[in-house]
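Remarks on the overall topology
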Amino acid sequence: MLNMIKLDWIGMKVYHKRFVIIPLMVCFYGIFNVPVIIPIVAFCMLNFSVNPFAVEEKGKLDNLYLTLPVTRKAIVNARFGLSLLMQCIGLAAGTVITIILSNVLYGRTVFHYTHTFKADFAVIFLLICGSLLLYAVMNLSIFPILFKIGYAKGKMFGFIIPVFAVSIMTGVLFTMWYSHNGFREWLLSVIEWSLAHTVWTALILLGASALLLAVSYMLSRKVYAKREF
């Protein structure tokens, strides 16, 4: 599987330079809202892990892979393995950046916004678990469709629409936070409960993430095994 992961990574070499987008986004949003850094990095890394699907179709690599002594299961395993590896690296980097920025900006006023976020263990832990759940939901919405019909045919329903939907939901969430007192108070109560019950909240988030990823993996294997090239 490691060789297949390496092959997918080399195959998407043309997209490597786009990784500069991530630190730019982190710097921009982090100045205004430090807690969103880890979820943003998780979201971006999931998006970048879709690139092997595009490269595979552009270079007709799917036909090449199937002429090699590898199984379709190995191809699915490699695609998920690369995605998870990128996600882990992204979460680790996002955590470091969050801790640094929270310490640098804490108590400071930037663009008329006073930073009060403090990155303690419980908060960081819950941000990571919540980001993993976001990753799992997106993975389930994207990977099985792309494995079933490919990137060219499936990118609208298997990539663009899920990404657009998450972006819209994020915008609605921020709008309601700043404009609806009742929603803000309810969300704050949820956050307070989560911080008071860190272990239980983390277990729920991680359990849901693992379940969704398992479903995504099984569906991907099933549909890719039946796909005709």
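Residues numbered from 1 in each chain as written. Predicted model: local features only at pLDDT ≥ 70, side-chain atom pairs only at ≥ 80, totals over all residues. Heavy atoms only, no water.

1. Examining the overall build of the protein
When you go through the protein residue by residue, the secondary structure sums to nine helices and two strands. Counting helices and strands in the order they occur from the N terminus, the protein gives α-α-α-α-α-α-β-β-α-α-α. Taking 229 residues into account, the globule formula puts the C-alpha radius of gyration at 17 Å, and the protein, at 19 Å, falls close to it. Viewed in the frame of its principal axes, the protein has a C-alpha envelope of about 60 × 35 × 30 Å. Expressed as a percentage of the 229 residues in the protein, the buried residues total 40%. Long-range pairs, those at least 24 residues apart, make up 77% of the contacts in the protein between residues at least 6 apart in sequence. (Helix = DSSP H or I, 4+ residues; strand = E, 2+ residues; numbered from the N terminus. Rg over C-alpha atoms; globule rule 2.2 N^0.38 Å. Buried < 20%, exposed > 50% of the residue type's maximum accessible area, 1.4 Å probe, protein only. Contact = heavy atoms within 4.5 Å.)

2. Topic: the environment of Pro-52
In this structure, Pro-52 sits in helix α4 (residues 51–58). Along the chain, Pro-52 and Leu-82 lie 30 residues apart, while their C-alpha atoms are 9.5 Å from each other. With residues up to four places along the chain from it excluded, the contact list for Pro-52 reads Asp-8, Met-12, Arg-79 and Leu-82.

3. Comments concerning the pattern of salt bridges
Going through the model one piece at a time under the given rule, you end up with one salt bridge. For Asp-8, the salt bridge is made with Arg-79, and the minimal N-O distance between the two is 3.0 Å. Of this pair, Asp-8 sits in helix α1 (residues 2–11) while Arg-79 sits in helix α6 (residues 72–105), placing them 71 residues apart in sequence. Arg-79 gets classed as buried once you look at its relative accessible area, which sits at 1%. (Salt bridge = Lys/Arg side-chain N within 4 Å of Asp/Glu carboxyl O.)

4. What about a positive patch on the surface?
Among the surface-exposed residues, Lys-17, Arg-18, Lys-58 and Lys-155 lie close enough to one another that they form a single positively charged patch. Assignment of secondary structure puts Lys-17 in the loop between α1 and α2 (21–32). You can call Lys-17 exposed: its relative accessible area is 68%. (Patch = residues over 30% accessible without salt bridge, like charges linked within 9 Å, V, L, I, M, F, W, Y side chains within 5 Å. Areas by Shrake-Rupley, 256 points an atom, 1.4 Å probe, with all protein chains shown as cover. Lys, Arg positive; Asp, Glu negative; His and termini not counted. Charge placed at Lys NZ, Arg CZ, Asp CG, Glu CD.)

5. Quick look at the packing of α1 against α6
When two helices pack together, you describe them by how their axes are tilted relative to each other and by the distance separating the axes. It is at 8 Å that the axes of α1 and α6 come closest, and there the two elements cross at 65°. Considering the relative orientation of α1 and α6, their crossing is right-handed. Two secondary-structure elements touch here, α1 through Met-4, Ile-5, Asp-8 and Trp-9 and α6 through Ile-75, Ala-78, Arg-79, Gly-81 and Leu-82. Here the contact of α1 with α6 is built from residues that sort into six nonpolar, one polar and two charged. (Axes fitted to C-alpha atoms, helices over the stretch in contact; angles between N-to-C directions. Left-handed = near helix turned anticlockwise from the far one by under 90°. Nonpolar A, V, L, I, M, F, W, Y, C, P; charged D, E, K, R; others polar.)

6. Structural notes on a nonpolar patch on the surface
Taken together, Phe-28, Tyr-29, Ile-31 and Phe-32 make up a surface patch of nonpolar side chains, about 370 Å² in accessible area. With respect to the element layout, Phe-32 can be found in helix α2. Exposure remark for Phe-32: the relative accessible area of 37% places this residue in the partly exposed category.

7. Comments concerning the confidence of the model for the protein
Taken residue by residue, the protein gives an average pLDDT of 83. The fraction at 70 or more is 91%. Predicted confidence in the protein is weakest over helix α5 (residues 61–67), with a mean pLDDT of 66, and strongest over helix α9 (residues 198–226), with 92. (pLDDT = per-residue confidence, 0-100.)

8. A closer look at the packing of aromatic side chains
Inspection of the entire model under this criterion finds eight aromatic pairs. Relative to Phe-147, the ring of Phe-53 has its centre 4.9 Å away and its plane inclined at 80°; by these criteria the two rings are edge-to-face. Separated by 94 residues along the polypeptide, Phe-53 in helix α4 and Phe-147 in helix α7 (residues 121–179) bring together distant segments of the chain. For the pair shown, Phe-53 and Phe-147 are each scored as buried. (Phe/Tyr/Trp six-rings, centres within 6.5 Å; stacked < 30°, edge-to-face > 60°.)

9. Quick word on the nonpolar core
Ranked by internal contacts, the top residues of the largest apolar core, which has 49 residues, are Ile-22, Ile-142, Phe-143 and Phe-147. Of all the secondary-structure elements, those providing two or more residues to this core are α1, α2, α3 (37–48), α4, α6, α7 and α9. Not counting residues within four places of it along the chain, the set of residues in contact with Phe-143 comprises Leu-46, Ser-49, Val-50, Phe-53, Arg-79, Phe-80, Ser-83, Ser-216 and Ser-220. (Core = buried A, V, L, I, M, F, W, Y, C linked by side-chain atoms within 4.5 Å.)

10. Let's talk about α3
If you check α3, its first and last C-alpha atoms are 16 Å apart, about what twelve residues at 1.5 Å a residue would give, namely 16 Å. In terms of residue burial, α3 counts as a mostly covered element, since eleven of its twelve residues are buried. Within the span of α3, buried status applies to Ile-37, Ile-38, Ile-40, Val-41, Ala-42, Phe-43, Cys-44, Met-45, Leu-46, Asn-47 and Phe-48. (Expected span 1.5 Å × (residues − 1).)

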